[in-house]
Amino acid sequence: MTREELGRATWLFLHTLAAQYPEDPTRQQARDARDLVSIMTRAYPCAECARHFEEVVRRVPPDVSSGAAFRQWTCEVHNEVNVRLGKPEFDCSRVDERWQGLACDGDDDEETATGCAVRGREPGIGKGGVGGRGGGKGRRRLGMDAP
Ligand SMILES: Cc1cc2nc3c(=O)[nH]c(=O)nc-3n(C[C@H](O)[C@H](O)[C@H](O)COP(=O)(O)OP(=O)(O)OC[C@H]3O[C@@H](n4cnc5c(N)ncnc54)[C@H](O)[C@@H]3O)c2cc1C
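Rules of the game
- Residues numbered from 1 in each chain as written.
- Predicted model: local features only at pLDDT ≥ 70, side-chain atom pairs only at ≥ 80, totals over all residues.
- Helix = DSSP H or I, 4+ residues; strand = E, 2+ residues; numbered from the N terminus.
- Buried ≥ 20, exposed ≤ 12 C-beta atoms within 10 Å, placed from the backbone.
- Near = placed C-beta within 6 Å.
- Nonpolar A, V, L, I, M, F, W, Y, C, P; charged D, E, K, R; others polar.
- pLDDT = per-residue confidence, 0-100.
- Contact = placed C-beta atoms within 7 Å.
- Core = buried A, V, L, I, M, F, W, Y, C linked by C-beta atoms within 7 Å.
- Expected span 1.5 Å × (residues − 1).
- Arc of directions from axis to C-beta.
- Axes fitted to C-alpha atoms, helices over the stretch in contact; angles between N-to-C directions.
- Parallel < 35°, antiparallel > 145°, perpendicular 65-115°, else oblique.
- Left-handed = near helix turned anticlockwise from the far one by under 90°.

### Considerations on the overall build of the chain
Secondary structure summary: the chain contains five helices and two strands in total. Buried positions account for 20% of the 147 residues belonging to the chain.

In structure tokens, the structure reads:
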């Protein structure tokens, strides 16, 4: 596993999580998202990356007030890392085209108004946890480089 592979997998996870983050999160959902980011600044498996990410998060704290806000924040901090690595910045107005929620593709999956749920269970990290949007909207890839 290289730093690049780990990074790509982690951004996939974070942007997908943000794509499914509800527009009107509960207090618990907002706390889950903030905690996840905070844990990443300490536990991310690349120590140098974690240190830099901690600086970024201190300067630009996560905006978990809505799905749109969290998606923009995720894009913004990804750009902070891009700039540090000398990579081009991504146009954050296109983040919803690039990243969508989980597609329903399993026999037990059910498409709901708030995303893709295993039958009988709420989407996200347990009941009331992070999860939400999706709902089939914007699933189509728009020719942007998919992982
Ligand atoms: C929290 C964190 C900190 C990191 N810190 C470091 C570090 O200090 N040093 C280091 O060498 N590596 C670091 N990495 C890894 C680095 O960010 C890249 O993941 C890695 O270099 C591979 O880059 P890539 O060009 O393949 O695309 P990635 O940057 O991994 O991006 C994957 C895809 O996301 C899309 N994308 C790009 N920018 C954005 C954006 N702003 N918003 C939405 N989508 C976007 C593009 O389609 C791109 O192909 C870090 C990763 C993470 C998750």
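### Side note on the environment of Asp96
In this structure, Asp96 sits in helix α5 (residues 95-98). Separated by 25 residues in sequence, Asp96 and Arg71 place their C-alpha atoms 8.0 Å apart.

### Considering the site of the ligand
Close to the ligand lie 24 residues, the nearest being Gly7, Thr10, Cys49, His78 and Phe90. Of all elements in the fold, only α1 (3-20), α3 (47-59), α4 (67-84) and α5 reach the threshold of two or more residues within the shell around the ligand. If one sorts the elements of the shell around the ligand by residue count, α1 sits on top with seven residues. For the shell around the ligand, a count of residues per class yields 10 nonpolar, seven polar and seven charged.

### Brief notes about the confidence of the model for the chain
Averaged over every residue, the pLDDT of the chain is 83; the share at 70 or more is 71%. Under a pLDDT of 50 for its full length, residues 121-129 has, in the predicted model, 24 contacts with residues more than four places off or in other chains.

### Section: the nonpolar core
Membership of the largest hydrophobic core is limited to nine residues, which are Leu17, Ala18, Ala19, Tyr21, Ala33, Val64, Phe70, Trp73 and Trp99. Elements represented by at least two residues in this core include exactly α1 and α4. Sorting elements by how many residues they give to this core places α1 first, with three residues. Look past the residues within four positions of Trp99 in its chain and what remains in contact with it is His15, Thr16 and Ala19.

### Remarks on helix α2 (residues 27-43)
Over its 17 residues, α2 runs 24 Å from end to end, which matches the ideal 24 Å to within 8%, given 1.5 Å per residue. Those residues of α2 that sit buried are Gln29, Asp32 and Ala33. Taken end-on, α2 shows its buried residues confined to a sector of 95 degrees, consistent with a single buried face. Set apart from the buried face of α2 by more than 90 degrees, the exposed residues are Arg27 and Arg42. Those residues of α2 that are buried are in contact with α4.

### Things to note about α1
With 18 residues, α1 should cover 26 Å at 1.5 Å per step; its first-to-last C-alpha distance of 26 Å lies within 8% of that length. Every buried residue of α1 is listed here: Leu17, Ala18, Ala19 and Gln20.

### Looking at the packing of α2 against α3
Contact geometry of α2 with α3 gives a least axis separation of 7 Å together with a crossing angle of 145 degrees. Together, Val37, Met40, Thr41 and Arg42 of α2 and Ala50, Phe53, Glu54 and Val57 of α3 make up the contact between the two elements. Along the lines of polarity and charge, the residues of the contact of α2 with α3 split into five nonpolar, one polar and two charged.

### With respect to the packing of α1 against α4
Between α1 and α4, the shortest axis-to-axis distance is 8 Å and the interhelical angle comes to 160 degrees. The angle between α1 and α4 falls in the class roughly antiparallel. The handedness of the crossing between α1 and α4 comes out as left-handed. Taking contact as the criterion, the partners of Trp11, Leu14, His15, Ala18 and Ala19 in α1 are, on α4, Phe70, Arg71, Thr74 and His78. Here the residues of the contact of α1 with α4 sort into five nonpolar, three polar and one charged.

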